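Residue-level listing of the chains:
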Amino acid sequence: MQGRLGFKGNLSTTAMGIMPHEDIDRALGLALALDIPFWPQLPRLSFYEDMYVQAMEGFPGVIIDEEKGKIYIDTRRFLDGIPEYLEEEGDSDRFSLSERYSLVYRHFLSADLTDFKAIRGQIISPVSLTLKITDENNMPIVYNDDIRSVAFSFIQTKLNRQYEELTKKNKNAFVWIDDPGLEFIFNAMCGYDSIKAKKELDIFFEGVRGPRGVHLCGRPDWDFLLSLDIDIISFNTYAEGDVFVSYKKAVDFLRRGRMISWGIVPTFFEDFSREDVESIAKRLVGHWKKLIDNGVELEKILENSILAPATCNLINPDKTLTVEKSFALLREVSVYLKSRYNIT
């Protein structure tokens, strides 16, 4: 048992949630070709597939304007809707992701997922959510204590509901939170500081029923992130690997048997065009060598490592092509490294 995760990493493959596809079957097929598949989010297909919009389904006072591509919280409607929300808080169906807000999720759940090592879901972090979503006056809801409190509880319940649904398909299911905005709480201009965020995230994770994980593409305060009681960290190793492995807490994280999803294969066209299997493997092994030099056993690293693309990507001029090539290269890197370290 790897913490609360029920499997060893052993260089298995997974990927980020957001994909640039508009073809549901194509996106789902790519996800299911990985060792640890996930349900893709397809914001190019629908405004409701945006990870912020998707997470806010059923939130009291939410206004979703698809025509204008806008989402916000109407404070008066929020206050008026709280009594009904509290009455229905125990109804888990209220927190299920509907087909309107994800055209892929129900398709994913209808697949035979039993024989995979694990399966994965995702939901936006309450920190990133409340920093991004505003009220009717364009004020981020992170600064409204009442709305923020409900948002943290709301996302926690939605995560638990998704975990419940996924574990019916595979006993090793887990759901991580996407936290693209986490790095902004360390900006002096942000009025929601890291001390408050740490306290509220600790409470949030205490109520998460399954394995706890964080995925991000940016650069947070690594001491902050590694101090959270989580089982898996997924990050952009291609860009941030040297920094990450220099932290003592990263060494401690692995020694405790926690898992790292190394986002090592680039998805941006220019970066990807410069790489191949051997160059990617060399880059990743270089990061591992620094951990080994600081006392982490190679066996521990391998058991607690999964491999992934570096980031989500919606902006390549070739649309889906480089992302698909990234998924293919990821699988090749996994096979190459498993052969190198005699992992079956």
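The model shown is predicted, which means the values in this text are computed figures rather than measured ones.

(A) Empty space enclosed by the protein, seen in detail. Across all of its chains, the model carries one cavity of 30 Å³ or more by this definition. Of the pockets and cavities examined, the largest cavity occupies roughly 120 Å³. Q54, L97, I123, K158 and Q162 are the residues nearest the centre of the largest cavity, which is lined by 15 residues in total. Elements supplying a minimum of two residues to the lining of the largest cavity: helix 2 (51–55), strand 4 (120–124) and helix 6 (145–167). Residue classes in the lining of the largest cavity are distributed as seven nonpolar, five polar and three charged.

(B) Region of interest: the pairing of strand 9 (residues 259–265). Counting buried positions along strand 9 gives seven out of seven residues, so the element sits mostly inside the fold. Pairing of strand 8 (residues 232–235) with strand 9 involves four bridges; the strand directions are parallel. When the bridges of strand 9 are listed, S234 appears paired with S261. As defined by bridge partners, strand 9 adjoins strand 10 (residues 305–309) across five bridges and the pair is classed as parallel. Looking at the pairing, G263 lines up with A308 of strand 10.

(C) Looking closely at helix 9 (residues 237–245). Turning to helix 9, its buried residues are T237, Y238, E240, G241, F244 and V245. Viewed along the axis of helix 9, the buried residues span an arc of 145°, placing them on a single side of the element. Those residues of helix 9 that are buried lie in contact with helix 8 (222–226), strand 8, helix 10 (248–255), strand 9, helix 11 (269–273) and helix 12 (277–293). In this structure N236 caps helix 9, since a side-chain oxygen of it lies 3.3 Å from the backbone nitrogen of Y238.

(D) Here's a closer look at the nonpolar core. Counting 107 residues, the largest nonpolar core has W262, W288 and L337 as its most contacted members. Here this core gets nine residues from one element, more than from any other, and that element is helix 6. With near-sequence residues (within four places) excluded, L337 lies in contact with L11, A281, L284, V285, W288 and L307. Within the second largest apolar cluster, nine residues are counted, among which are F7, F174, I232 and M259.

(E) Region of interest: the pairing of strand 6 (residues 174–178). Where burial is concerned, most of strand 6 is hidden: five out of the five residues are buried. In the sheet, strand 4 pairs with strand 6 via five bridges, with the strands oriented parallel. Residue pairing for strand 6: G121 is matched across the bridge by V175. Regarding topology, helix 7 (residues 194–206) serves as the crossover connection from strand 6 to the parallel strand 7 (residues 212–216), and that connection is right-handed.

(F) The arrangement of the layout of surface pockets in detail. The space that makes up the largest pocket amounts to roughly 450 Å³. If you go around the largest pocket, you meet 27 residues; those closest to its centre are I18, M51, P180, C217 and C312. The set of elements that each furnish at least two residues to the lining of the largest pocket consists of helix 2, helix 5 (126–132) and strand 7. Of the residues in the lining of the largest pocket, the class split is 13 nonpolar, eight polar and six charged. The wall of the second largest pocket is formed by R148, S149, F152, S153, Q156, E200, I203 and F204. Residue assignment for the lining of the second largest pocket shows that the elements contributing at least two residues are helix 6 and helix 7. With five residues, helix 6 is the largest single contributor of residues to the lining of the second largest pocket. Class assignment of the residues belonging to the lining of the second largest pocket gives a composition of three nonpolar, three polar and two charged.

(G) Spatial organisation of the sheet that holds strand 5 (residues 134–135). Pairing is mixed across the open sheet formed by three strands, whose spatial order is 2-3-5. What marks the edges here is a single partner per strand, and that holds for strand 2 (62–65) and strand 5. Pairing of strand 2 with strand 3 (residues 70–73), which is carried by four bridges, proceeds in the antiparallel orientation. Opposite V62, over in strand 3, you have I73 as the bridge partner.

Criteria and thresholds
Residues numbered from 1 in each chain as written. Predicted model: local features only at pLDDT ≥ 70, side-chain atom pairs only at ≥ 80, totals over all residues. Heavy atoms only, no water. 1 Å grid on protein atoms, 1.4 Å probe; cavity = no way out; pocket = protein on both sides within 12 Å on 5 of 7 lines; lining within 4 Å. Points joined across faces, edges and corners; volume = space filled by probe spheres on them. Helix = DSSP H or I, 4+ residues; strand = E, 2+ residues; numbered from the N terminus. Nonpolar A, V, L, I, M, F, W, Y, C, P; charged D, E, K, R; others polar. Buried < 20%, exposed > 50% of the residue type's maximum accessible area, 1.4 Å probe, protein only. Pairing = 2+ DSSP bridges. Arc of directions from axis to C-beta. Contact = heavy atoms within 4.5 Å. Polar contact = N/O pair within 3.5 Å; in protein donor to acceptor, adjacent residues only side chain to side chain. Core = buried A, V, L, I, M, F, W, Y, C linked by side-chain atoms within 4.5 Å. Right-handed = clockwise from strand over helix to strand, strands pointing away.

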